[in-house]
Amino acid sequence: MESGGGKSRRRHRKKAKNTKQKAEEMEVECKENSSKQINVDELLQNVEQYLDVFDMQAAECEAKKAVGIAPMDFRCIEALANVLSEMGKYEDAFEMYQKSAEINPESGFSKYMYLGQMSSGVESLQYYTKGVDLMVKEHEKQKSEDGLSAASQLPPEDGITDTDISAGYCAMAEVYLTDLCQDDTAEHKCKECIDNALTYNPKSAEAYQLLASYEISKDNLEEATASMKKAMSLWHIPSSDTGVESDPDESQQVPSVSYENRIQASKILIELSEYKLCDDVLQRLLLECDEFVDVWYLLGWLYHLQGENYAPACRYYLQNLLKLCKKISYDDPVIPTHAEELLQELGKGPAHLDCLDDYSSCDEDQSDVDLDSDDDDDDDMVS
C-alpha cells in the first residue's frame, strides 16, 4: 500500500505540470494577442493613409481586415464606418456606427454625431443629444487635466473644443427647426440649443444663422435680419455695399463655413429680401464651383423676385440651370420643373447680365458657362 506522502508528491507534481502548461498556454495567447494588436494598429494606420490620398477601395479593404481580426474592437468598427460613409455607403456605415455604440456606448462622441446626421426626427435628436452629452463630459475632464498639466508645466493634449460642442448644439437646433418643428416644446428647446451654442462659441456663424431661421419662424423679420447680418459678418467679406460690416478678426478670404451652409445662407437672405447680399454670396459660390444646381436656381429665383427689369438675368441663370441638369443627368425633377415654369411665365426674350449694372458684385465680363451637352439651342429647353 502506498503511503500518504507518495500520493501527495504525485499530486504536487501533477499540479506543477498543469500550472506550467497553463503558463505556457497563457504565454502563447499573450504573444498572439500582442501580434494581433500590432496587426490591428498597422491596419488602422493604413486606413488613415489611404483616406489621406482618397484611395477609398484600399481603405475599405484594410478596415475590413482590421474588423476581421478584432470584431469587437470599436476602433476597427468605427474606422470601417468612416470609410463606408466617405464612399457613400450610408446604410452599411449606419449599421457599423450602431454596432460601435452598442460595444462602446459611453465614450467616443463622433459616432453619435454621424448617427444623428444619418437619422431623422426624434431618433436623430437622441443621437445628437448623446453625442453632445459625451462631448461636454469629456470637455470638463479635459479642462481638469489641462489644469494639472499647466501646474506641472506639461503641454495639454488636443481634444474636444468649445467649437465642437457649439456645433453639436447647432445640429440639435436644426432638428427642432425642421423635423420636430410641430412639437409643442420645439420653440423653447430650439432657442435653448442656440443659446448653448453661442455660450460655447460666441462667434459661431452657424449659430447666428440658425437664430435668424428661428426668428423667421416667429415672423420676427427685423431680429432675423440682424442675426443674419451678424452671421455674415463672421465669414463674408462683402464686395459691394451690402449693408454688412465684416469683423476684421473673423472674416477670411476663404470662407470658414461650408459650401452647403452658404447655400442655406443665401436662401435665408432671399426670405429676408436682402437681395444684394444674397447676390454677393451666390456669385462667389458660382465662381468656386459652377456645377451646383441649387446655385443657378437660386440666382434665377433671386432675379425673378425683383421684377421684369431683371428678366434677362433670370432667363440667363435658369437656362444655364437646365443645361447643367441635362449635362449631369440631374434626377430630382422639382427644381428643373419649376425653372421651366418660370421661363414659360417670362416668355421668350433676351438672356444676359447687362441688366445687373447696379449689382457690382456681378462680373461684368461673365458669359455663358460651358454647360452644353449637345448643340441644342436655349429655346429648345424652354417649354
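Definitions and cut-offs
Residues numbered from 1 in each chain as written. Predicted model: local features only at pLDDT ≥ 70, side-chain atom pairs only at ≥ 80, totals over all residues. Heavy atoms only, no water. Helix = DSSP H or I, 4+ residues; strand = E, 2+ residues; numbered from the N terminus. Buried < 20%, exposed > 50% of the residue type's maximum accessible area, 1.4 Å probe, protein only. Contact = heavy atoms within 4.5 Å. Expected span 1.5 Å × (residues − 1). Polar contact = N/O pair within 3.5 Å; in protein donor to acceptor, adjacent residues only side chain to side chain. Salt bridge = Lys/Arg side-chain N within 4 Å of Asp/Glu carboxyl O. Phe/Tyr/Trp six-rings, centres within 6.5 Å; stacked < 30°, edge-to-face > 60°.

Novice: Hey, could you run me through the overall build of the protein chain in this one?
Specialist: Within the protein chain one finds 15 helices and zero strands. A total of 383 residues make up the protein chain; the buried ones form 41% of that total. Sequence-distant contacts, at least 24 apart, represent 61% of the contacts inside the protein chain between residues at least 6 apart.

Novice: Even after reading the chapter, I still don't get the side chain of E62, so can you show me in this structure?
Specialist: Within the element layout of this structure, E62 appears in helix α2 (residues 56-69). Filtering out sequence-adjacent residues up to four positions away, E62 remains in contact with L43, N46, V47 and Y50.

Novice: Sorry if this is basic, but what is going on with helix α13 (residues 293-304) here?
Specialist: Spacing of three or four residues puts side chains on the same side of an α-helix, whose turn is 3.6 residues. Taking 1.5 Å of rise per residue, twelve residues should cover 16 Å, and α13 covers 17 Å from first to last C-alpha, within 8% of that figure. Among the twelve residues in α13, ten count as buried, and that is most of the element. Residues of α13 that are buried: V293, V295, W296, Y297, L298, L299, G300, L302, Y303 and H304. Along its buried surface, α13 packs onto α11 (259-271), α12 (275-288), α14 (311-328) and α15 (334-346).

Novice: Can you help me understand the side chain of D279 in this one?
Specialist: With respect to the helices, strands and loops of the structure, D279 is situated in helix α12. Engagement of the side chain of D279 in a polar contact is seen with the side chain of Y303, the distance being 2.2 Å.

Novice: Mind showing me how you'd approach the pattern of salt bridges here?
Specialist: Pairing is possible between side chains that carry opposite charge, provided their charged atoms lie close to one another. Tallied over the entire structure, the rule returns 15 salt bridges. One salt bridge in this structure joins E60 and K64, with 3.1 Å as the shortest N-O distance. In this pair, E60 and K64 are both assigned in helix α2, four residues apart and thus about one turn of the helix distant. When its relative accessible area of 7% is taken as the criterion, E60 is described as buried. Across the salt bridge formed by E140 and K143, the nearest N and O atoms sit 3.4 Å from each other. Highlighted residues: E140 and K143, both in helix α6 (residues 121-151), separated by three residues, approximately one helical turn. Here K143 falls in the partly exposed class, since its relative accessible area comes to 46%. Via salt bridges that share partners, D41, D73 and R75 belong to a single interconnected network.

Novice: Looking at this structure, I do not really get the packing of aromatic side chains. What am I missing?
Specialist: In this description, a pair of aromatic rings is defined by centroid distance and the angle of the planes. Using the criterion set out here, one finds nine aromatic pairs in the structure. Ring geometry for Y259 against F292: centres 4.3 Å apart, planes inclined by 35°, an arrangement best described as tilted. One end of the pair, Y259, is in helix α11; the other, F292, is in the loop between α12 and α13, and 33 residues separate them in sequence. Look at F292 and you get partly exposed, because its relative accessible area is 30%. Here W296 and Y317 contribute two aromatic rings whose centre-to-centre distance is 5.8 Å and whose plane-to-plane angle is 50°, an arrangement assigned as tilted. Placement of the pair is W296 in helix α13 and Y317 in helix α14, with a sequence separation of 21 residues. Note on accessibility: W296 and Y317 belong to one class, buried. Each member of the aromatic cluster is reached from another via a ring pair, and the members are W296, Y303, Y310, Y316 and Y317.

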